[in-house]
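# Residue-level structural notes
Each chain, letter by letter, is given below.
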Amino acid sequence: MSNAIEFPKNFLWGASTSAYQIEGSPLADGAGPSIWQRFAHSPGNIRDGDTGDVACDHYRRSAQDVALMREIGLQAYRFSISWSRVMPSGRGAVNPVGIGFYDELVDRLLAQGIKPMVTLFHWDLPETLDNQGGWLNRDIADWFADYARVMFERLDDRVTSWATLNEPWVVSDGGYLNGTLAPGHHNRFEAPIAAHNLLRAHGAAVKVYREVGKHEIGLVVNLEPKYPASESAADQQAAARGHAYMNGQFLDPVFFGRYPEKMKDVYGDAWPEWPAEDFELIRQRLDFIGVNYYTRSVTRDEPSALPVRAVAVRQPLATYTETGWEVYARGLSDTLEWVAARYGNPPLYITENGAAFFDPPVAEGGRVHDPLRIDYYQKHLRAIHEVIQKGVDVRGYCAWSLLDNLEWAHGFSKRFGIVHVNFATQERTLKDSAYFYREVIATNGAVL
Ligand SMILES: N=[N+]=NCCCCNC(=O)[C@@H]1[C@H]2[C@H](O)[C@@H](O)[C@H](O)[C@@H](CO)[C@@H]12
């Protein structure tokens, strides 16, 4: 038997981005502001005062960027729709130029044989909805379902793969518990309510899709395996709390219609009683789960680290990325096997995977040498192949990210792209990792 790696015949190879991180022009042509427009323009929230005002200027350069995708040989492109570009007030009136941008982008992609994979919400909530409570207002499930219906009715004749939300955990943890991301709240009573309403909104949108949609819809979650730092009961319990908080908090309600028991232990008096009917809404049948994987956490008990009371322990011999994440490909295979075993082997896409390393400037001849990123991709793709061989139903992979972009509160300081962006000139340059990925796609993994 040859040792050559080969992915399944129809395995889908893509790359991912998100609206606020690449588009720029946040208020152009009738678009309304999102909470990231407000958060980025509030001093101190984003490193170096960076904002998404220009970012990768993709709103104006999308034709050029689709040509780049073609040059790399992408079979799919995962992107998000800016809710407030399409519905400036988040509800009611649709902005024809705004929705037209996405309509045209989909046509451009299809003309190049690239499958659009659309995420309806990637953190950039319309500011007007936040002013009405945003994810803390139970009505947002209806607001989101109305927005989803508009997008399904406009694009489902050409878009065959939809995701409702990107990483609800980050929205709850960063936006409401720790305040590091928009809308910048720091409130342990708000965080579980926001997480719950994100799940309700997800369910409401899937219900609408089952009425009007003809293809597939799923949920994208970030998953991070938690390994106890020692055999002590305290560290084992800390890892279990961290696992429930980051991994089970969203998948258990979606698949089982209930939260992990440990969520009460995490939030204590801040954990509400939930109406039973909410879980009937949340647990809509899904066609796939999108898994975003970056790193693992070796976890120890830390009573002062509220509310989870768990912290990651740095691994002395490991390689770390520029965002301080350990490179640990085994965590991806462990996570995928956990999802398959716990939730009945659902169809999966790896919707994000990648790393920020310190990239050198563009060298003579227009090359950007990023060997650490190539090594990162090689290790993680091999880990995926390993679990596919064991029967885990992984259907595709999207590298994060197509372009260097606005890495949220890190600004432009952290580069995840396989394509380098000179933010002063907007020049794009394929990094060595883009050429590597082109070979991976062309050989369906055989070069790994
Ligand atoms: N500690 N720690 N653990 C890692 C936790 C990861 C949570 N952040 C993400 O997954 C975000 C996801 C986002 O979709 C994208 O918009 C971001 O640009 C990437 C890169 O940051 C990733």
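Cut-offs and rules
The numbers attached to residues start from 1 for each chain and follow its sequence in the written order. The predicted origin of the model limits local features to residues at a pLDDT of at least 70 and limits the giving and counting of side-chain atom pairs to 80 or more, whereas totals for whole chains, interfaces and linings rest on all residues. Remark: hydrogens and water are excluded; side-chain values derive from all non-hydrogen atoms of the structure. One heavy atom within 4 Å of a molecule or strand makes the whole residue count as near it. Polar contact is defined as a pair of N or O atoms within 3.5 Å, subject to the rule that within protein one atom must be able to donate a hydrogen and the other to accept it, and that residues adjacent in sequence are counted only when both atoms are side-chain atoms. Computed with a 1.4 Å probe, the accessible areas rest on the Shrake-Rupley method; for each residue, only the protein chains presented here act as cover. We call Asp, Glu, Lys and Arg charged. Ala, Val, Leu, Ile, Met, Phe, Trp, Tyr, Cys and Pro are nonpolar, and the rest, Gly among them, are polar. The secondary structure listing takes helices from DSSP runs of H or I that are at least 4 residues long and strands from runs of E that are at least 2 residues long, numbered from the N terminus. To estimate how far a helix should extend, the number of its residues minus one is multiplied by 1.5 Å. When a residue's accessible area, from a 1.4 Å probe over protein chains only, is under 20% of the maximum for its type it is buried; when over 50% it is exposed; and in between it is partly exposed. A pair of strands is labelled paired if DSSP reports no fewer than 2 bridges between them. Here an angle of 0 to 180 degrees is reported between the N-to-C directions of two axes, which are lines fitted to C-alpha atoms, with helices fitted over the stretch in contact. In what follows, a contact means two residues having at least one pair of non-hydrogen atoms within 4.5 Å. Buried Ala, Val, Leu, Ile, Met, Phe, Trp, Tyr and Cys residues that are joined via side-chain atoms within 4.5 Å together make up what is termed a nonpolar core. The rule for a disulfide is simple: a pair of cysteine sulfur atoms within 2.5 Å. Here a Phe, Tyr or Trp ring, Trp counted by its six-membered ring, pairs with any other such ring whose centre lies within 6.5 Å, and the pair is stacked when the planes are under 30 degrees apart, edge-to-face when over 60, and tilted otherwise. In the sections that follow, a salt bridge refers to a side-chain nitrogen of Lys or Arg positioned within 4 Å of a carboxyl oxygen of Asp or Glu. pLDDT expresses, on a scale from 0 to 100, how confident the predictor is about each individual residue. Working definition: roughly parallel below 35 degrees, roughly antiparallel above 145 degrees, roughly perpendicular at 65 to 115 degrees, and oblique for all remaining angles. Handedness of a crossing is defined here by the sense of rotation of the near helix relative to the far one, left-handed for an anticlockwise turn of less than a right angle and right-handed for a clockwise turn.

### A word on the site of the ligand
Surveying the vicinity of the ligand reveals 18 residues, the closest of which are Gln21, Glu167, Glu224, Glu352 and Glu407. A distance of 3.0 Å separates an oxygen atom of the ligand from a polar atom in the side chain of asparagine 166. Isolated, the ligand exposes 520 Å² of accessible area, and the fraction of that covered by the protein chains is 85%. Of the residues in the shell around the ligand, the class split is eight nonpolar, six polar and four charged.

### Some remarks on helix H7 (residues 140-155)
An ideal rise of 1.5 Å per residue puts 22 Å on 16 residues; H7 measures up with 22 Å between its terminal C-alpha atoms. Of the residues making up H7, those classed as buried are Ile140, Ala141, Trp143, Phe144, Ala145, Tyr147, Ala148, Met151, Phe152 and Leu155.

### Some words on the sheet that holds strand S8 (residues 297-301)
In any sheet, the strands associate via hydrogen bonds between backbone groups, in a parallel or an antiparallel arrangement. On the basis of which strands lie adjacent, the open sheet formed by three strands has the order S6-S8-S9 and mixed pairing. One side of each edge strand has no neighbouring strand; the edge strands of this open sheet are strand S6 (226-228) and strand S9 (310-312). Pairwise comparison of adjacent strand axes, ignoring direction, gives a mean angle of 45° for this sheet. In the sheet, S6 pairs with S8 via three bridges, with the strands oriented parallel. Bridge pairing links tyrosine 227 to valine 298 in S8.

### Quick word on the side chain of arginine 200
On the secondary structure map, arginine 200 appears in helix H9 (residues 190-212). Residue class for arginine 200 comes out buried when judged on its relative accessible area of 8%. At 2.9 Å, the side chain of arginine 200 forms a polar contact with the side chain of asparagine 197. Each residue touching arginine 200, except ones within four places of it in the same chain, is listed here: Arg138, Ala141, Asp278, Leu281 and Ile282.

### Brief notes about the nonpolar core
Formed by 139 residues in total, the largest nonpolar core has its most connected members in Trp83 and Trp135. Ranked by the residues each element gives to this core, the list is headed by H9, at eleven residues. Every residue in contact with tryptophan 83, bar those within four places of it in the chain, is listed here: Gly90, Phe121, Leu125, Pro126, Leu129, Trp135, Ile140, Trp143, Phe144 and Tyr147. If you look at the next biggest cluster of nonpolar residues, it comprises eight residues, including Ala163, Val220, Phe288 and Tyr349.

### Observations concerning the state of the cysteines
In the structure shown here, the tally under the stated rule is zero disulfides. Considering cysteine sulfurs only, cysteine 398 is the nearest to cysteine 56, which forms no disulfide, with 17 Å between them. Cysteine 56 gets classed as buried once you look at its relative accessible area, which sits at 0%.

### Quick word on the packing of aromatic side chains
Both the distance between ring centres and the angle between the ring planes are used here to describe each pair of aromatic rings. By the definition in use, this model includes 40 aromatic pairs. Look at tryptophan 36 and tryptophan 408: their rings are 4.6 Å apart centre to centre, the planes differ by 55°, and that puts the pair in the tilted class. In this pair, tryptophan 36 is assigned in helix H2 (residues 35-40) and tryptophan 408 in the loop between strand S11 (394-400) and strand S12 (419-422), connecting sequence segments 372 residues apart. The exposure classification of tryptophan 36 matches that of tryptophan 408, with both residues buried. Ring geometry for tyrosine 245 versus tyrosine 267: centroids 6.1 Å apart, planes at 70°, classification edge-to-face. With tyrosine 245 in helix H10 (residues 233-256) and tyrosine 267 in helix H11 (residues 262-267), this pair connects stretches of sequence that are 22 residues apart. Given the relative accessible area of 4%, tyrosine 245 is considered buried.

### Considerations on the sheet that holds strand S2 (residues 76-80)
If you trace the eight strands once around the closed barrel, you get S1-S2-S3-S4-S5-S7-S10-S11, paired in parallel fashion. Strand after strand, the sheet turns through a mean of 25° between neighbouring axes, direction not considered. Taken together, the five bridges between strand S1 (residues 12-16) and S11 define a ladder with parallel strand orientation. Residue pairing in the sheet places serine 16 in a bridge with tryptophan 400 of S11. Across the sheet, helix H8 (residues 168-177) lies against strand S3 (115-121), strand S4 (161-166) and strand S5 (216-222), angled at about 40° from S5, the strand it touches most.

### With respect to unusual backbone geometry
The step from alanine 182 to proline 183 runs through a cis peptide bond, and the omega angle for that step is 5°. Structurally, proline 183 is set in the loop between H8 and H9. Cis geometry marks the peptide bond from tryptophan 400 to serine 401, where omega comes out at 10°. Along the chain, serine 401 turns up in the loop between S11 and S12.

### What to know about the pattern of salt bridges
Per the stated rule, a full pass over the model turns up 38 salt bridges. In this structure, the salt-bridge partner of arginine 38 is aspartate 130, at a minimum N-O distance of 2.5 Å. A residue pair is termed long-range when its members are at least 10 positions apart, and arginine 38 in helix H2 and aspartate 130 in helix H6 (residues 127-130) qualify at 92 residues. Classification of arginine 38 by relative accessible area gives partly exposed; the value is 29%. Close ionic contact of aspartate 301 with arginine 241 constitutes a salt bridge, the shortest N to O distance being 3.0 Å. Of this pair, aspartate 301 sits in strand S8 while arginine 241 sits in helix H10, and the two are 60 residues apart along the sequence.

### As for the confidence of the model for the protein chain
Taken as a whole, the protein chain shows an average pLDDT of 98; of its residues, 100% reach a score of 70 or greater. Listed scores for the predicted complex are pTM 0.98 and ipTM 0.96.

### Things to note about the packing of helix H13 (residues 329-343) against helix H14 (residues 371-389)
It is the contact of H13 with H14, at a shortest axis distance of 8 Å, that shows an interaxial angle of 30°. Considering the angle they form, H13 stands roughly parallel to H14. Between H13 and H14 lies a crossing whose hand is right-handed. Touching Ala329, Arg330, Leu332, Ser333, Leu336 and Glu337 of H13 are Lys379, His380, Ala383, Ile384, Glu386 and Val387, all from H14. When the residues that make up the contact of H13 with H14 are grouped by side-chain class, the tally is six nonpolar, two polar and four charged.

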